[in-house]
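What the coordinates show
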Amino acid sequence: MMTEANSDTSVPPTGQFPPIIELNVGGVFYTTSLSTLTRHPDSFLGEMFTGRSTLPLTRDSKGKYFIDRDGVLFRYVLDYLRNDKLVLPENFHEKERLRSEAEFFRLGDMMSISVASASKPAHIVIGYRGSFAFGRDGMADVKFRKLSRILVCGRVWVCREVFGETLNESRDPDRGSCDRYTGRFFLKHSFLEQAFDMLLDAGFKCVAACGSGTACGAEVKPGVDSEESKWNHYNEFVFTRP
């Protein structure tokens with residue numbers, strides 16, 4: 001819940017800030033040391049809490065120093081200042097927004113580390129079984145391509161990192177270590193291009209692909225559209241992140 005900032009914009013003289021600083025960043029409260037905030041003297045926070053900033057320093061109604069930025073992402077800014085490194089969660093999907101915060105706070109090293117930390121070498125194989133949708137009298141439907149399911153194979157933590165909430169793990173019987181490999185995942189949507197876009201955003205490139213021919217000579221199962229079944233095919237794409 002946002003706390004309304006008051007009109008007290010006075011900045012203490014250099015060296016007059018308390019050793020413990022309370023912050024209100026976008027409505028989220030933090031407590032940290034003055035030495036942490038000034039660890040990078042030329043950063044936005046370093047200038048602010050050494051009295052060198054030309055911008056007014058505002059306090060909220062409870063006396064906390066107010067910064068109008070993303071309060072949730074600020075935890076990663078503060079972690080970087082405390083540890084001189086940045087460790088992101090496996091399923092972190094806000095790298096672009098975090099990069100924006102790093103630019104605002106003028107922490108150039110943090111930007112490079114935040115990108116590198118989510119770029120570990122890995123491989124993912126995408127597979128799908130498809131056909132073509134047909135209407136009456138064998139006329140092609142406007143949807144044309146028909147995918148039953150997009151399969152995902154790879155190391156568990158990598159698949160979760162790339163696909164996040166779009167990953168369906170319901171067919172995977174073993175919910176153990178995140179470092180194991182599995183071929184039991186599939187996506188909750190059937191948009192192949194969306195899967196490719198997510199892989200590219202995570203730094204992957206397609207390095208190989210293979211596919212089967214259509215099943216024109218296969219026996220048609222009862223209850224299955226004979227025209228569609230003739231065009232059944234299977235394809236796989238290998239993506240790698242060096």
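Worth saying up front: this structure is predicted, and the values here are computed from it rather than measured. (Residues numbered from 1 in each chain as written. Predicted model: local features only at pLDDT ≥ 70, side-chain atom pairs only at ≥ 80, totals over all residues. Heavy atoms only, no water.)

**Structural notes on the nonpolar core**
Formed by 29 residues in total, the largest nonpolar core has its most connected members in Leu 23, Leu 45, Phe 49 and Phe 74. Contributions of two or more residues to this core are made by β1 (20–25), α1 (34–37), α2 (44–48), β4 (65–67), α3 (74–83) and α4 (95–104). Sort the elements by how many residues they give to this core and α3 lands first, with 6 residues. Apart from the residues lying within four places of it in its own chain, the contact partners of Leu 45 are Leu 37, Ile 67, Phe 74, Val 77, Leu 81 and Phe 105. By size, the runner-up hydrophobic cluster in this structure holds 24 residues, among which are Tyr 128, Phe 163, Met 198 and Ala 202. (Core = buried A, V, L, I, M, F, W, Y, C linked by side-chain atoms within 4.5 Å. Buried < 20%, exposed > 50% of the residue type's maximum accessible area, 1.4 Å probe, protein only. Helix = DSSP H or I, 4+ residues; strand = E, 2+ residues; numbered from the N terminus. Contact = heavy atoms within 4.5 Å.)

**Concerning the pattern of salt bridges**
Counted according to the given criterion, the structure contains 9 salt bridges. The salt bridge partner of Glu 94 is Arg 97, with a shortest N-O separation of 2.8 Å. When its relative accessible area of 30% is taken as the criterion, Glu 94 is described as partly exposed. Residue class for Arg 97 comes out partly exposed when judged on its relative accessible area of 45%. When the shortest N-O distance is used, the salt bridge between Arg 241 and Glu 161 registers 2.8 Å. Of the two residues, Arg 241 is situated in strand β10 (residues 233–241) and Glu 161 in helix α6 (residues 156–163); the sequence distance between them amounts to 80 residues. What emerges from the salt-bridge pattern is a single network uniting Asp 70, Glu 94 and Arg 97. (Salt bridge = Lys/Arg side-chain N within 4 Å of Asp/Glu carboxyl O.)

**Quick word on the packing of aromatic side chains**
Considering all chains together, one arrives at 11 aromatic pairs under this definition. Plain terms: the ring middles of Phe 17 and Phe 49 are 5.4 Å apart, the flat faces sit at 65 degrees to each other, and that makes the pair edge-to-face. Separated by 32 residues along the polypeptide, Phe 17 in the segment before β1 and Phe 49 in the loop between α2 and β3 (58–59) bring together distant segments of the chain. Both rings, one in Tyr 128 and one in Phe 237, keep their centres 6.3 Å apart while their planes meet at 5 degrees; by these two values the pair is stacked. Highlighted residues: Tyr 128 in strand β5 (residues 122–134) and Phe 237 in strand β10, separated in sequence by 109 residues. Here the basic side chain of Lys 64 rests over the ring of Phe 29, its NZ or CZ set 4.7 Å away from the ring centre. Against the face of Phe 186 rests Arg 149, its NZ or CZ located 4.0 Å from the ring centre. (Phe/Tyr/Trp six-rings, centres within 6.5 Å; stacked < 30°, edge-to-face > 60°. Lys NZ or Arg CZ within 6 Å of the ring centre and 35° of its normal.)

**Examining α6**
For α6, a buried count of 8 out of 8 residues is recorded, marking the element as mostly surrounded by other parts of the structure. Residues Val 156, Trp 157, Val 158, Cys 159, Arg 160, Glu 161, Val 162 and Phe 163 constitute the buried set of α6. Of the residues trailing α6, Gly 164 is marked for its positive phi of about 50 degrees.

**Examining the environment of Ala 208**
In this fold, Ala 208 is placed in strand β9 (residues 205–211). Sequence separation of Ala 208 and Thr 240 is 32 residues, and the distance between their C-alpha atoms is 9.3 Å. Those residues in contact with Ala 208, other than ones at most four positions away along the chain, are Glu 236, Phe 237 and Val 238.

**Description of the side chain of Arg 180**
Within the fold, Arg 180 resides in the loop between β7 (167–168) and β8 (181–187). Arg 180 has contacts with Gly 154, Arg 155, Val 156, Asp 172, Asp 174 and Arg 175, leaving out every residue within four places of it along the chain.

**Here we look at the sheet that holds strand β2 (residues 28–33)**
If you walk across this open sheet you meet the 4 strands as β2-β1-β4-β3, and the pairing is mixed. One side of each edge strand has no neighbouring strand; the edge strands of this open sheet are β2 and β3. Summarising the sheet, β1 and β4 pair through 3 bridges and their orientation is parallel. Along β4, the bridge assignment pairs Leu 23 with Tyr 65. Those strands touched by α3 are β1 and β2, and its axis lies near 5 degrees from that of β2. (Pairing = 2+ DSSP bridges. Axes fitted to C-alpha atoms, helices over the stretch in contact; angles between N-to-C directions.)

**Let's talk about α4**
Within the span of α4, buried status applies to Leu 98, Arg 99, Glu 101 and Ala 102. Taken end-on, α4 shows its buried residues confined to a sector of 160 degrees, consistent with a single buried face. Immediately beyond the C-terminal end of α4, within one or two residues, lies Arg 106, with a positive phi of roughly 55 degrees. (Arc of directions from axis to C-beta.)

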